[in-house]
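# Structural overview
Single-letter residue listing:
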Amino acid sequence: MDKQHFLDLLKSRVLIMDGATGTQLQKKKYLDDVEIPEELNIKFPERISEIYKSYADAGSDIILANTFGANPIRLKQHNLLDKADDIIREGIALIRKAGKAGCIAAGDISSLGEYVQPLGQLSFDDAYEAFSFQVALLQKYGADIIVIETMTEIKELKAAILAAKDNFNGAIIAQMTFTQDGMTVTGTDIKSFLAMAESLGVDAVGLNCSVGAKDLARMAKTLCASTNLPVSFKPNAGMPVLINRETRFPGTVEEFVESSLEAYSYGVNMFGGCCGTDPVFIKALATELKNKAPVARNIKKRFYLSSRTKAFDVNEMKRPIVIGERINPTGRKKFQEELLNGAFSLVKDEARAQAAAGANLLDVNMGVPGVDEVNLLAQAVNQIQEIVSIPLCIDSSNPKALEEAVKNCAGKPLINSVNGEEAKLEAILPIAKRYGCGLIALTTDDEGIPKTAERRLAIAKKIIKKADAVGVKRENIIFDYLVLAVSSSPEQTGETLKAMRESKKLYPECKTLLGVSNISFGLPSRQTVNSTFLKMALEAGLDFAIINPHESWGVFDPLAKQLLENKDPGAVKYMEANASFKKPAVKQESAALPLARQLYFAVLNGNKEAVPAVVSQIINGVNDPRGNDPGVEDPFKTVSDNVLEALNLVGEKFAAKEFFLPQIIMSAEAAQAAFAIVKKTLKKASNDAGKVIIATVKGDMHDIGKNIVGAVLESYGFEVIDMGINVDARDIIDKAQEINPLAIGLSALMTTTMPEMEKAVNLRNALGVKAKIIVGGAAVTKKFADEIGADSYAKDAMETARYIKGLTAEAEKLRS
Amino acid sequence: MRMNINVSNIKISYEDVLQRLGYLKTSERPDQKLETEIKECIETAQKLIAPKAVIAFENITVSGSIVAFENGYKIESSQVAKLLKDCFKAYGVAVTIGPALEKKRNEFIAQKETFKAVILDAAGAVAAEEAVSTANKQITEFERTHNNKTSKRFSAGYGDWLLAKQKEFLEWLGAANIGIRLNNSFQMQPEKSVSAVIGVKVVIASPERARQSRT
């Protein structure tokens, strides 16, 4: 069945999908002699045929093939990758045999079992490749449609949709599964799901599994009220409860049908069931709904932008829609330095601050000379999306960087930007199309910035023509009619506003945008001009404004207006009134401190991102802001002294219960960053303070406490040899014999594994290894340490560090 | 009333994570920057958890240090026997938050992002505790509607209920159905999993009432 035929069918009548496969197989104990359900397709095909047939007999128009988990990652885990072809071929073929004429065979796809980065470890490209493998086989063996279902993570869904679009000719249905509060477990709500799925060009969207039919019907209402795409509805029979080794589903057939009828009234087009439903559910559903005409939905056009957890309809938003402009290194030395060091602390600070100040989107620009922008921009997108929920505007002139970033962006972002240059259009329009992004289009071309509104509109026309040809929807285009400095081009402001007004008439589907702050370049009291201009632009039909959301945008100044209307030649009147204006200087307290003290406070306050720049300046003998820092004469001593002084205070504060574990760790990480630079600069093979072995003893898998100890010891400059978890006493002592450390730190969390510590102590004594043994962990006590002959017990990381520092001091005393 | 055990919607509380990290109920609080970073890690943790629960129940008899379940399963522990002394029934419960959070934590450890690893670990522990508390409350609520009350919960590895005995306990529960496995040291994987036994006794311990309550 081709795509159009399927979509036409959906216009004429609702379709009945099937019910659960997995829980049916479980109930019939059909899974007892296979690795995974998909293996049944080739090992016991009659079992799958039986399930398919039972749904076909119950009235299903669409049957999902038993290919839910037949992706290469999962098949490989179960040594079935070489059977992928057979499994998928039979999955489809068995439907053809069991189903009635006209039965639609759906290739079923679901999660790979691993989250995509940054939530998980799987790269987006690997996820895409895995889905592509599966979809290509579904295409090869003749699936009529693809159903992507039970997805909980939006980037994984994005990879699946793109793979389906690239490898399959038929219709694609994308379904996610939601919790009771209307969000997926990873925080995506219905509209964010819809915004992304719709923008990527799926043919239908839907809800499956989740929390039972009643709650899912409520969510179907939201979904149906937000889109004109066909909608599928495939609830489970309530949340399963595992009682006495039996999975019980609380939902009844009556509730299921009642909720499905409710969903029908909202305009749902496809109905089926998920976990816990069976042919009885589907038969009851078909009795009520089969062949009914769908309830028409006539949803007015929406233009969503979205992130992982938030979507908004541009058409419903108050103007201007604010795009925060601050994540941009242009002209900001410190920002650039940080990005060159691969750090994102300022990026994240700007993201948080602009979101808090009310920005609706964040522009992200990583254009620093000498960086790998392709990698940096994608990383920045991941980092920002971990901490703020507003959608992003990806800003680069490098098409490769743009593509990598929008691919890695959860949700539907904006691209900033294309223009009328042929090369740009050719490179960027396909990216906007493929990833379904909104697209800012600057009305410039190879000849530069046009002087007149007419010429800018002509470029807009050209861009639209090209976009139409590529298939970028007009509602995704946002024209920037360009802001030039009123001080140097006073006649241009009127042209910009004129072009916007005309654009609204000529291209009503397209939105408009301006980078407002350019207008005031070279003038005093810039914000007066910016804010006044913004108001004038809004009257001319401005939709989006790229601005600094921290500034005040309530000013409307008559003199500025005159200037902007080109009625103040030479800006004479404006300058008279504002020439003496001075912007209040931003206080930069930390920068006024001597470098050594900056380092001290960076470690004390756990500001690890600030450390590399300060330490580098100390080591390179950069002039101190105060000019008289004695530390720079011996830079390595300066670094060491200040880091250790800060750490000592951290330790005191921890002991006094003024600081707690998070602060210890943050300070430790900052100190580590400082010592890492010293070590690199000195090109030393090992750290000065000495070596320490740490390990969690055999039988014990607990890691985190040991790692905290390791981080704190490293922060004091010790070289930590972390042998990991579940380490045999013999291996630990052998290692100690080999490297002769100052101390061995042993961790155990359970009483059952503590005896391993005694083994290590005895072995150390028997082999004459000199290293001291210090023990710790939840169940370990000082009494126990004494009983087994350990040299010390530490109740936490700071005590461990104190003890081992003491050993260093002793060793130094002996040497001298 | 139907038994409803659902832990899928639990939320990780910032205050509980702070407590887990050692912040006491004093005036000492993280500063704004630290609070923001801890909350961001908790948000990540919230996205990574997929809490699930499994329960089982049987009528029991307690004799000496042996708790005998009607299906033949036994717990040998004087402390468990003491806890379930007046109980006619016992529930076993196991919860897990799934493997994703621990994978992410381990990734942070490997990248030397110890701060994030520590917060994620604490948030995972809070989530597992919240899941088992939620399941416990749901059991207690169900039993209350049958005029019964529940005992405190008790886990293998504490007191004289040996950790090694957890294997049989989890087998009885069918904990593998929600992805809980034991390693060779009898520790649960995923690590942020909790199992416990909870006793049920009648509110008024008359023999007649006890008979009526055996639902």
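Small disclaimer: the values here were computed from a predicted structure and weren't measured.

### Things to note about the overall build of chain B
Looking only at helices and strands, chain B has 7 helices and 8 strands in total. Dimensions of chain B along its principal axes, counting C-alpha atoms only, are 60 × 40 × 30 Å. Out of the 215 residues in chain B, the part that is buried amounts to 46%. Within chain B, contacts between residues separated by at least 24 positions form 76% of all contacts whose residues are at least 6 apart in sequence.

### Focus on the overall build of chain A
Tallying secondary structure elements over chain A gives 32 helices and 25 strands in all. Considering only C-alpha atoms, chain A reaches an extent of 95 × 85 × 40 Å along its principal axes. The buried share of chain A, taken over its 816 residues, is 55%. For chain A, the proportion of contacts with a sequence separation of at least 24, taken over those separated by at least 6, is 75%.

### Comments concerning the interface of chain A and chain B
Taken together, the 41 residues of chain A in the interface contact 45 residues of chain B. Those elements that provide at least two residues to the side of chain A that touches chain B are β8 (241-243), α15 (373-387), α27 (661-682) and α28 (704-715) of chain A. Residue contributions to the side of chain A that touches chain B peak at 7 residues, all from α27 of chain A. For the side of chain A that touches chain B, the class distribution of residues is 20 nonpolar, 12 polar and 9 charged. Relative to strand β1 (residues 52-63) of chain B, β8 of chain A runs parallel, the two sharing 2 bridges. Residue pairing for β1 of chain B: I243 of chain A is matched across the bridge by I55 of chain B.

### Focus on the domain arrangement of chain A
Its domain assignment divides chain A into domain 1 (3-289), domain 2 (309-578), domain 3 (589-682) and domain 4 (691-815). Put simply, the middle of domain 1 of chain A and the middle of domain 4 of chain A, counted by C-alpha atoms, are 52 Å apart.

### With respect to the sheet that holds strand β22 (residues 719-722) of chain A
All names here are of chain A. Sheet architecture is open: 5 strands sit in the order β22-β21-β23-β24-β25, paired in parallel fashion. Both outer strands of the open sheet, β22 and β25 (792-793), are each paired with one neighbouring strand and no more. Relative to β22, strand β21 (residues 691-696) runs parallel, the two sharing 4 bridges. Of the residues in β22, the one forming a bridge with K691 is E719.

### Structural notes on the pairing of strand β4 (residues 145-151) of chain A
Residue and element names in this part refer to chain A. Counting buried residues along β4, 7 of its 7 residues qualify, which places the element largely inside the surrounding structure. One ladder, built from 4 bridges, connects strand β3 (residues 104-109) with β4; its direction is parallel. Across the sheet, the residue bridging to A106 is I145, located in β4. With 5 bridges connecting them, β4 and strand β5 (residues 171-176) associate as parallel partners. Looking across to β5, one finds that V147 is bridged to I173. With respect to chirality, the unit in which β4 leads through helix α8 (residues 154-167) into the neighbouring parallel β5 is right-handed.

### Thoughts on the environment of E426 of chain A
All names here are of chain A. Along the polypeptide, E426 turns up in helix α17 (residues 422-435). Residue classification places E426 among the partly exposed residues on the basis of 13 C-beta atoms within 10 Å. For the pair formed by E426 and V470, sequence separation is 44 residues and the distance between their alpha carbons is 9.2 Å.

### Here we look at the packing of α8 of chain A against helix α9 (residues 190-199) of chain A
Two quantities define a packed helix pair, namely the angle between the helix axes and the distance between the axes. Residues and elements named next belong to chain A. One can describe the packing of α8 onto α9 by two numbers: an axis separation of 10 Å at closest approach and a directional angle of 25°. Accordingly, the angle class assigned to the pair α8 and α9 is roughly parallel. Crossing geometry of α8 relative to α9 is assigned as right-handed. Here I154, K158 and I161 of α8 come into contact with α9, specifically with S192, F193, M196 and A197. Looking at the contact of α8 with α9, its residues break down into 5 nonpolar, 1 polar and 1 charged.

Reading the values: the criteria
- Residues numbered from 1 in each chain as written.
- Chains lettered and ligands numbered in written order.
- Predicted model: local features only at pLDDT ≥ 70, side-chain atom pairs only at ≥ 80, totals over all residues.
- Helix = DSSP H or I, 4+ residues; strand = E, 2+ residues; numbered from the N terminus.
- Buried ≥ 20, exposed ≤ 12 C-beta atoms within 10 Å, placed from the backbone.
- Contact = placed C-beta atoms within 7 Å.
- Nonpolar A, V, L, I, M, F, W, Y, C, P; charged D, E, K, R; others polar.
- Pairing = 2+ DSSP bridges.
- Domains from an automatic or database assignment.
- Right-handed = clockwise from strand over helix to strand, strands pointing away.
- Axes fitted to C-alpha atoms, helices over the stretch in contact; angles between N-to-C directions.
- Parallel < 35°, antiparallel > 145°, perpendicular 65-115°, else oblique.
- Left-handed = near helix turned anticlockwise from the far one by under 90°.

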